[in-house]
Each structure stands twice: as structure tokens, then as C-alpha cells.
Amino acid sequence: MCGIVGYIGFRDAYPILVKGLHRLEYRGYDSAGIALMNEEKNLSVYKTKGRVNDLEEYVLDKDISGTIGIAHTRWATHGEPSNTNAHPHYSQTETLALIHNGIIENYAVLKAELQKKGYTFHSTTDTEVLVQFIEYIKQLHKCDLFSAVQIALGQVVGAYAIAVMEKGNPDQIIAARKSSPLVIGIGDGEYFIGSDASPIIEYTNKVIYLDDEEIAVIKRHEEPQIVTIGNVRKTPQIKELEMSLSELERGGYPHFMLKEIFEQPQSLTNCMSGRINVEGTNVTLSGIIDHKDKFLNARRIVIIACGTSWHAGIIGEYLFEELCRIPVVVEYASEFRYRNPVVYPDDVVIAISQSGETADSLAAIELARKSGAFVYGVCNVVGSSIPRNTDSGSYTHCGHEIGVASTKAFTAQVAVLTMMALTIAKEKKTIDDKKYTDTIKELQNIPGKISQILDLNEEIRQLSYIFTYAQNFIYLGRGYNYPIALEGALKLKEISYIHAEGYPAAEMKHGPIALIDNEMPIVIIATNDTIYEKVVSNIQEIKARNGRVIAIINEGDEVIKSMADHCIEIPATKECLDPLLSVIPLQLLAYHIAVNKNRDVDMPRNLAKSVTVE
Ligand code: F6R
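Here the residue numbering is sequential within each chain, running from 1 through the sequence in written order. Local features are withheld for residues below a pLDDT of 70 in this predicted model, meaning they are given only at 70 or higher, and side-chain atom pairs are given and counted only at 80 or more; totals for whole chains, interfaces and linings count all residues. Note that water and hydrogens are dropped before the side-chain values are worked out from all heavy atoms of the structure.

### Quick notes on the overall build of the chain
Of the regular secondary structure elements, the chain holds 20 helices and 25 strands. What the globule rule says is 2.2 Å times the number of residues to the power 0.38, and the radius of gyration is computed from C-alpha atoms. What you see for the chain is a C-alpha radius of gyration of 25 Å, in line with the 25 Å of a compact globule of 614 residues. Seen along its three principal axes, the alpha-carbon backbone of the chain occupies a region of about 80 × 55 × 45 Å. Residue burial in the chain is summarised as follows: out of 614 residues, 61% are buried. In the chain, 72% of the contacts between residues at least 6 apart in sequence involve partners at least 24 apart. Only carbon and sulfur atoms are counted for the fraction: they give 47% of the accessible area of the chain, which is about 23000 Å². We treat Lys and Arg as the positive residues and Asp and Glu as the negative residues; His and chain ends play no part in the count. Note on charges: their place is set at NZ of Lys, CZ of Arg, CG of Asp or CD of Glu. Looking at charge distribution, the chain has the averaged site of its 60 positive side-chain charges lying 3 Å from that of its 78 negative ones. Strands are runs of DSSP state E lasting at least 2 residues, helices are runs of H or I lasting at least 4, and numbering of each runs from the N terminus. Under the scheme applied here, a residue whose accessible area is under 20% of the maximum for its type counts as buried, over 50% as exposed, and between as partly exposed, the area being computed with a 1.4 Å probe on protein chains only. What makes two residues a contact is simply this: any of their non-hydrogen atoms within 4.5 Å. Exposure was quantified through the Shrake-Rupley algorithm and a 1.4 Å probe, taking into account, for residues, occlusion by the shown protein chains and nothing else.

### Topic: the nonpolar core
In these notes, a set of buried Ala, Val, Leu, Ile, Met, Phe, Trp, Tyr and Cys residues joined through side-chain atoms within 4.5 Å is what counts as a nonpolar core. Counting 92 residues, the largest nonpolar core has F320, I350, M420, F473 and Y475 as the members making the most contacts within it. Considering every element that reaches this core, the biggest residue donor is helix α14 (residues 408-428), with 13 residues. Source of the domain bounds: an automatic or database domain assignment. Residue-level mapping places this core at the junction of two domains, with at least three residues from each of domain 2 (250-455) and domain 3 (456-607). Setting aside residues no more than four positions away along its own chain, M420 makes contact with L285, I288, F295, F320, I350, Y376 and V378.

### Some points on the side chain of S91
With respect to the helices, strands and loops of the structure, S91 is situated in the loop between β5 (89-90) and β6 (96-104). Two N or O atoms form a polar contact when they lie within 3.5 Å of each other; inside protein one atom must be a possible hydrogen donor and the other a possible acceptor, and for residues adjacent in sequence the pair counts only when both atoms belong to side chains. Among the polar contacts made by the side chain of S91, one reaches the side chain of E135 at a distance of 2.3 Å. Aside from chain neighbours lying at most four places away, what touches S91 is L96, V131, Q132 and E135.

### Re the site of the ligand
Summary of the distance rule: residues count as near a molecule or strand when at least one heavy atom falls within 4 Å of that molecule or strand. Lining the immediate environment of the ligand, one finds 15 residues, of which S309, S353, Q354, S355 and T358 sit closest. A distance of 2.6 Å separates an oxygen atom of the ligand from a polar atom in the side chain of S309. S355 places a side-chain nitrogen or oxygen 2.7 Å from an oxygen atom of the ligand. Considering the ligand on its own, with 400 Å² of exposed area, one finds that the protein chains cover 91% of that surface. Sorting the residues of the shell around the ligand by element identifies α10 (307-324) and α17 (482-496) as the ones contributing at least two each. Under the scheme applied, nonpolar residues are Ala, Val, Leu, Ile, Met, Phe, Trp, Tyr, Cys and Pro; charged residues are Asp, Glu, Lys and Arg; polar residues are all the others, including Gly. By residue class, the composition of the shell around the ligand is five nonpolar, eight polar and two charged. Mapped onto the domain boundaries, the shell around the ligand takes at least three residues apiece from domain 2 (250-455) and domain 3 (456-607).

Okay, here's the thing in C-alpha cells:
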């Protein structure tokens, strides 16, 4: 949430910062701003409501010279999107400029104290309070900027990634983080700062990930100095980025979301590569094998996640219970962290997250670890906070996901959970050899079957025209396809802004059936699984009330074809792998409806990719 980019070096900072903002725009996009210092050491801040393009227009007649700068693209927390609330924020004397990602929880108290001392505020943000507070500390203690940041952050409650510049000091940027990611890219005589690596990868693949409560002093001609808020000096750990630049481009697709939907055959192949042997007879996840006893002796598995990752978690529940016979509960991380849950030391907690930075999931992990549970991360972003704060884990390896609506990360999460369940089941001997190898072999067939479904893209696009102006949608599924109903509904509402509800199909008669009339489209996943007959009955109940049924069926299912208004035929697979296929047409349907409605598919209103605030 919110994108941070910074540069200090020998090149013009402006083009680097603006390009970086474009790359980060998926993190937040309601306003954008930039601070630059020119040769005369003057500090200028330019900012505006709107997208990065609006900022570029705004600065057309401004001085954008300078080889040091910081820039920000915002997702509003405190204060509406506006020119004044946009970052960077100046301090009272306009000698400091600061950008911030996160939330300062005690901002109101700090603001009241500063107001008593005569400070005035232009915005309604917590960020302006922070920069004013740093300046106040600097004046009070007559200290340098680093010490002022260190003292100020010691008194701040909340989450932050910040970068600060000081007028008259063109050789230094101070950056710091707590519960919000910050990466420093190391170039040759130049440094880059990013809230993730996407604005950096074009220039260097050497990075330092700041840890919580670390402050970096980034000076033009020196190695970055890293010191904690508690004044402990740290040796910077330089890591190599795995990301490639092509992952950050649309590659000919009109939207990242469509590109990412179409990448799924390859992203799932990558996810399985090195884990399933060539013969398809064995799957090994080293993160599990290295801690096998934890899983074999687990009293239960607790899965914590948010949004789409939470839907993957429900599929995980079904897989672990079916294949490993371990009881599972799935929790929203945001509820788990605050409801004083019972966590046993012999629980295994699995945290699922694409970004690895979701604030609620991180807090839930902390709680679980304090209770003594073993915590396993299933994450996509390498080096993000969740893998660094868990005992073990597996990366999903599906590549950088930029579209705000998660697609390829979801299928990769489900694939990892499937491989985890198979690995544990084999160790626990809760699966027979035939089922084990059959499932692995079929898992290997999934990328090819997804390619077949992607061939239906045009058919689904045509179907989307019929439903573009629907006001509401219901999505139904049972068993392994119930979480897919939830996910299909989430995809549609996120990017088309059509109200959609996902339900277990059998629950329909306990309430939602009242919504059904001849205007209501009902998407029902009705593949040929063990409860197929029950789903057929559910379709009949809907048709009896004139609902308009769009059924996701297996190829050649004449029974449902004769009942439903529209059918999308997908290849059959093993029941436990069904979600990996049935979700694909729902991703495409949501995408096309949103495009028909002229929505900003990759940057839907009010959303941001990585939810680093509560
Ligand atoms: C939906 C979506 C969100 C995320 C949720 C969790 O398309 O992207 O619902 O799934 O914010 O994010 P991660 O997986 O990064 O923890």
C-alpha cells in the first residue's frame, strides 16, 4: 500500500523516480508526489491528486533538476485523496520532506502536542505529523537528521516505511521501516529506495531489505549505514533479486490481469518445478521435510490469511483434512489477531500471502509464534516480511503479480497447498500409493488443461456481454468448488464493482434463494464430482425460480447443458484439483465484464495490491 521510491546518485533523479512511481502505481494510486533537491540545494515538493500521469503534467513548468529525490504514490488512510494530503509532506520550516507508507497510530496525541507548541498543519494526514515531529525533535535536541529520526521513531506507535530529505544536505536520504517493507538498491555510486524491488530492478539486482526498526543513512559516496532505533549498528546483508524486468511489463496484453491469467500454465509449471520429480511419482517440499515432526505431531493446522489467499486457505482445509486427516481451521488473519484465540504449542499455523506484507497476517503470525506454535509461510514475494518471520515455508514462485486482483498467485497457492498435503500425507501414511501417484500425475496435467480453458477466452468474452449490466450476481459451488464460488464473486466485485455473493450451493435455500428472479445471474460450478447430483438439484431449484444459470461444467455434460442458460465446459480432473481449473473461467468472466464496463481493471477504485495497513 502506497509506493515509495528514492534515488541518490549522479543521474537526473526525476526520470528514475517517475518511472519508479509508474512501476509502483499498483500499490496505491489516488495521488502522487515528488521531492527533489537542485544544485542550489533547494528542496522542492510537487504533488497532486490523481495518477502519476497527472503528476507528470503538473511538473511540466517546474524545476525538476537534481540528482537526489524521493517520490510517492498514495493509497489514502488518514485524509481523503487531495493535493494537500498527497506526499511528500514538508516540515514546518520546509527544510524536511518526508514520504511514508503505513499508519502512525498515536498521531493525534503527537499533533495536539505540536499544535500547543505553535506548529500548524496543512493536511489531515498522520504523515505530516511525523515530519513535523522529526523537525521538532531536531530543534529540541539540536541534533542531526539521523538522530532526530531515531529519537522520533522511538516515540511513534504504528507502522511505517519512510524516506526523508533535508534542504541543504544533497548527499543524504534517511530511510526507516517498521511493519512496512523498504528495499535499498545498491548501484555503482548510486542508491535506490523502493517499497518493493520493482522500481529498482532496472538498475541493479543487489539489494538490502531493511528489517523492522532499522534506520538507513544513505549517503552519496558511502556504504549505507544501518542502525536500529535502539542504536544497535547492523551489518547490511546484501541479497540478489530474482525478479526480471519482463515481469514488470504488460508484454502485449491490454492489462496485467489478463497477462497474469494467461501466465498460469507457466506459473504453475514453475511452482511445481523441482518439487515434483520428472516421472511424476514423488513430491517433496523441503520446508516440510526439514520440519517433518512438526506436521506429523500437529494437533491441528490453523490457516491464517486474507482475501483471495483466505479462499486458497479453505481449499487447503479440504486438502489437509481429506489427505492427511489433520483437523484444520481457517481464520481471517484480521479476526484471529484480535479475538484472543486458543493456539496450542503443537499447532502448525500456515500463513498464506501473495505479497508477504499483509499487516493483519503479520500480526496473526506474531501472535501464533508467541503462543509457541510452529509457523509455516506460503508466500510469493521472495524476501518479504512473512518468509522472514516464519519458521519455515514454501514460495509459490509464480512471478511478480501486478494486477490488483489476484489470479496466478491464487492458483500457485492452491498448488503449493496440494503439494504440502501430498507430502504430509505420504509421511503420515494417510494416503495409499495409487492415490498419491495418481494425484501427482494429474497435478502435472493441470497446466495443459488450463491452456485448454484459456482457449475459451473468446467464448467467455462473448458471454460477458450478456451480463455486463447485471446489478447483482450469485456464485455457488460445493465441496472443493465452494471456495471457488467465493473467489469468483470476489474477482467480479473487485474489478467490475458489481455486487456479487459467493455461497455454498446448498446454503442457498437457507436465505439467498429469496434473491432469485429472472434478472439474477447465478454462476454455479457444477463439475462432475462426488456431489454432482446434489448440485444438479440446486440448479433445478434455481431454474424453478427463473434464475439465469451460467454453469461451469465438465466437457460433454449433456444433463446440465439441457438445464442451464449458458455453460462453460472445462476438462475433467481429480476432485481435489478441480479448483485449479474451475477458477480460470471465473477469472476471465470477471475480467471481461470489467473491461466491458470500462473499469480500470489493474487499478480498481479504493484498492491497492499489498495491504500493509490494518
Ligand atoms: C483479491 C486480492 C486480495 C488479497 C488480500 C491478501 O484479488 O488480491 O484480497 O488476496 O489482500 O493479500 P496477500 O495475499 O498479499 O496477503
